[in-house]
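Here are the chains, one letter per residue:
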Amino acid sequence: MDQPAADWARCVSDATEGSLFADSCALPCDLFQGRSDDPSSRSRLLARERTPMKVVPLDAFLSHGKLPHSRDRLQRDAELADCVVFVSHRWWNVASNEPDTPEGHKYGLLCRALVALKRQVPNQRLDDVVIWIDYACIDQDDPMERDLGISSLVSYVARSDFLVIPVNPIPEAVSAFKNASHPIDLVDYGERAWCRLEVYVFLCVAEILQKPLHCYAYGLMPSGMIQNCTCTADLFSASVVSTGHRSVACGLLRFSVERLQRLGVQQNSAMFSFEHLPTNGQLTHEADRDLISSVQQDVRQDYGRTVLDRALRMMQSTQHRSLILDDKQLTCDDAENLIDCFQGTSKKMMPRVRRLSMCYNLLHCRGAALLVRELSILPGSSILSMDFSDNCLQAAGAEELQHALSSMKRPLRKLYLARNCLGEGAAKVVAGACRVQKLLDLSDNQIGNREAELIVRVLADEAPGARSPAQTLRLAKNNIESQAGQALLAASQVVIDLAQNPIPPAVFAEAAMRQAAALV
């Protein structure tokens, strides 16, 4: 490397003129002075440790000159007072089965990232900061110890205060880094199953323990964001990649072309869509998928239980009438747990709940059907609105949801099922939803002409008065074309919303004239 890592250690207390570290990354000086951990949750997570956590002291890491291997023996047992920085990374030299390039680019980048992070917390003593990185802290030579270390990943993350991701200095990764708001957005990282798992565990555990989401990426800034950087070639020169700096004015001035960026803060929760879960990531060895699935499932179950318990306790202590459980990876098992809560310790809250929102979760039709059916028969139930938008309901389970809707003991005013790939199952849902009085939202569900024609038949076959005339059937943003759209508008006794379908304006005008004539 052009500049020894030890030089970066000496920069910790220096003010770097021209530094371009993001101001938004500034951290409170008392960050490490206390935690808001739930003791029972923390104990449960730490109990997953199968082999003691090893860490590398920051000064030893910075002075080593390259990424330390476990056989270099720089690691020691983690201690309670440690401030742990968990390094999550993809191995950059896959062909040679090495974590770094021959030039040590990742090591240099990590040294600068750690110093940048350290600079944000000036009151933290250097001796307290330690690094966890798999290559150094999980035994690379003993397969049994390696497996124990991987099995202990959840407990290691529970002990960690920061997660740092080095961004590969390749054009596509640097370009993606510019607009990244979540670790999944990072190229050559977010698509990998093991990388996803480490981030997944870190963000879930942080929310379980109510710790701040201190997840950061560090890497080169795109050339358009860098003053005096006139071309992309400048950014990816060997000197810049090795040092993280560009020199101008005949070498008299030097400034950073790297930045430390906080990720995952906008969502402020462990938000993962189905396609972004670790189990759906890419793997070099497909045999690892079962282990990743096992860890993911364990963490998700703990996370789901914690989310439900915390939401119900918060609602119990307030006068809120809405139970909001959006963006929480909740599954059908969590739906069952929620029913159990309302039947048991939380049954006194049931009369207060008017609205249940579970958008952006992992529910299938079985879970939605269970909630629709069971919450309508619980003593004192007064729920008027349910929102299951952006889940995984899908057409295959539509019949189960149809039966649940048709067997409701109390009517709903509004039911939101947008963006659930219900497609060919949409007519079944419409058939079951007679007791939805105001709004049935099936927007953006890949509903085509054939399914629209089936919906027309469902509505035409119903007895007069079977469905509230005030009901709006929202079919916006689907694939319904002129003829099917015209049939829907003509045949229905309810209000049909077909906005943003490929239907000419003349069809809507004709339907409006027909409705006006009927009122005369």
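Residues numbered from 1 in each chain as written. Predicted model: local features only at pLDDT ≥ 70, side-chain atom pairs only at ≥ 80, totals over all residues. Heavy atoms only, no water.

**Let's talk about the sheet that holds strand S4 (residues 129–132)**
Thinking step 1. Reading across from one edge, S2-S1-S4-S3-S5-S6-S9 is the order of the 7 strands in this open sheet, with mixed pairing throughout. At either end of the open sheet lies a strand with only one pairing partner, and these are strand S2 (76–77) and strand S9 (258–263).
Thinking step 2. Where strand S3 (residues 83–87) lies against strand S5 (residues 162–166), 3 bridges are found, and the strand directions are parallel. Its bridge partner lying in S5, Phe 86 is registered against Leu 163.
Thinking step 3. The sheet contacts of helix H8 (residues 171–179) involve strand S6 (215–220) and S9, and relative to S6 the element is tilted by about 135°. (Pairing = 2+ DSSP bridges. Helix = DSSP H or I, 4+ residues; strand = E, 2+ residues; numbered from the N terminus. Contact = heavy atoms within 4.5 Å. Axes fitted to C-alpha atoms, helices over the stretch in contact; angles between N-to-C directions.)

**Examining the pairing of strand S1 (residues 54–57)**
Thinking step 1. Bridge count between S1 and S2: 2 bridges; the pairing is antiparallel. When the sheet's bridge partners are listed, Lys 54 is paired in S2 with Asp 77.
Thinking step 2. Pairing of S1 with S4, which is carried by 2 bridges, proceeds in the antiparallel orientation. If you follow Pro 57 over to S4, its bridge partner there is Val 130.

**Details of the environment of Gly 108**
Thinking step 1. Within the secondary structure, Gly 108 sits in helix H4 (residues 105–119).
Thinking step 2. In the structure, Gly 108 is positioned 41 residues away from Leu 67 in sequence and 8.9 Å away in space, judged by C-alpha atoms.

**Concerning the pattern of salt bridges**
Thinking step 1. Following the criterion strictly, the structure yields 23 salt bridges and no others.
Thinking step 2. The shortest N-O distance in the salt bridge between Arg 146 and Asp 147 comes to 3.3 Å.
Thinking step 3. For Arg 146, a relative accessible area of 34% corresponds to the partly exposed category.
Thinking step 4. A relative accessible area of 39% places Asp 147 in the partly exposed class.
Thinking step 5. For Glu 207, the salt bridge goes to Lys 328, with nearest N and O atoms at 2.5 Å. Taken together, the residues span a long stretch of sequence, with Glu 207 in helix H9 (residues 193–208) and Lys 328 in the loop between strand S10 (322–324) and helix H13 (332–343) at a distance of 121 residues.
Thinking step 6. Look at Lys 328 and you get buried, because its relative accessible area is 16%.
Thinking step 7. Through salt bridges with shared partners, a single ionic network connects Arg 48, Asp 298, Asp 302 and Arg 305. (Salt bridge = Lys/Arg side-chain N within 4 Å of Asp/Glu carboxyl O. Buried < 20%, exposed > 50% of the residue type's maximum accessible area, 1.4 Å probe, protein only.)

**Considerations on the packing of aromatic side chains**
Thinking step 1. The full count for this structure, using the stated rule, is 6 aromatic pairs.
Thinking step 2. Judged by centre distance (5.1 Å) and plane angle (70°), the rings of Tyr 200 and Phe 272 are edge-to-face. Of this pair, Tyr 200 sits in helix H9 while Phe 272 sits in the loop between S9 and helix H12 (289–316); the two residues are 72 residues apart in sequence, bridging distant segments of the chain.
Thinking step 3. Residue classification places Phe 272 among the buried positions, given a relative accessible area of 4%.
Thinking step 4. One aromatic cluster in this structure is built from Phe 86, Trp 132 and Tyr 156.
Thinking step 5. The ring of Phe 177 is capped by Arg 259, whose NZ or CZ atom sits 4.8 Å from the centre of that ring. (Phe/Tyr/Trp six-rings, centres within 6.5 Å; stacked < 30°, edge-to-face > 60°. Lys NZ or Arg CZ within 6 Å of the ring centre and 35° of its normal.)

**Brief notes about the sheet that holds strand S11 (residues 355–357)**
Backbone-to-backbone hydrogen bonds join strands into a sheet, with any given pair of strands oriented parallel or antiparallel.
Thinking step 1. One open sheet accounts for 7 strands, arranged S10-S11-S12-S13-S14-S15-S16; its pairing is parallel. For this open sheet the edge positions go to S10 and strand S16 (495–497), each flanked by a neighbour on one side alone. Within the sheet, the average angular offset between the axes of one strand and its neighbour, ignoring direction, is 10°.
Thinking step 2. Here strand S13 (residues 412–416) pairs with strand S14 (residues 436–441) via 4 bridges, running parallel. Considered in S14, the bridge of Lys 414 is made with Leu 439.

**Concerning unusual backbone geometry**
Thinking step 1. In this structure, Gln 329 is a non-glycine residue whose phi angle is positive, near 55°.
Thinking step 2. Here Gln 329 lies in the loop between S10 and H13.
Thinking step 3. The phi torsion at Asp 390 lies on the positive side, around 60°, for a residue other than glycine.

**Description of the pairing of S5**
Thinking step 1. For S5, the buried fraction is high: 5 of the 5 residues fall into the buried class.
Thinking step 2. A two-sided burial pattern is seen for S5, the buried positions comprising Phe 162, Val 164 and Pro 166 on one face and Leu 163 and Ile 165 on the other.
Thinking step 3. Sheet topology note: the S5/S6 ladder contains 4 bridges and is parallel. The partner of Val 164 across the bridge, within S6, is Tyr 216.

**Considerations on the packing of helix H14 (residues 365–377) against helix H15 (residues 398–406)**
Thinking step 1. Interhelical geometry of H14 versus H15 gives an angle of 0° and a closest axis separation of 8 Å. Taken together, the axes of H14 and H15 lie roughly parallel to each other. Here Cys 365, Arg 366, Ala 368, Ala 369, Val 372 and Arg 373 of H14 lie close against H15, whose contacting residues are Ala 398, Glu 400, Leu 401, Ala 404 and Leu 405. (Parallel < 35°, antiparallel > 145°, perpendicular 65-115°, else oblique.)

**Concerning the environment of Ile 480**
Thinking step 1. Turning to its location among the elements, Ile 480 is positioned in the loop between strand S15 (472–474) and helix H18 (482–491).
Thinking step 2. Beyond its immediate sequence surroundings of up to four residues, Ile 480 is in contact with Ile 447, Gly 448, Asn 449, Ala 452, Leu 475, Gly 485, Leu 488, Leu 498, Asn 501, Pro 502 and Ile 503.

**Considerations on the side chain of Ser 382**
Thinking step 1. For Ser 382, the position within the fold is in the loop between H14 and strand S12 (385–387).
Thinking step 2. For Ser 382, the side chain forms a polar contact with the main-chain oxygen of Pro 351, separated by 2.7 Å.
Thinking step 3. A polar side-chain atom of Ser 382 sits 2.5 Å from a polar atom in the side chain of Arg 354.
Thinking step 4. Discounting chain neighbours no more than four positions away, the residues touching Ser 382 are Met 350, Pro 351, Arg 352, Val 353 and Arg 354. (Polar contact = N/O pair within 3.5 Å; in protein donor to acceptor, adjacent residues only side chain to side chain.)

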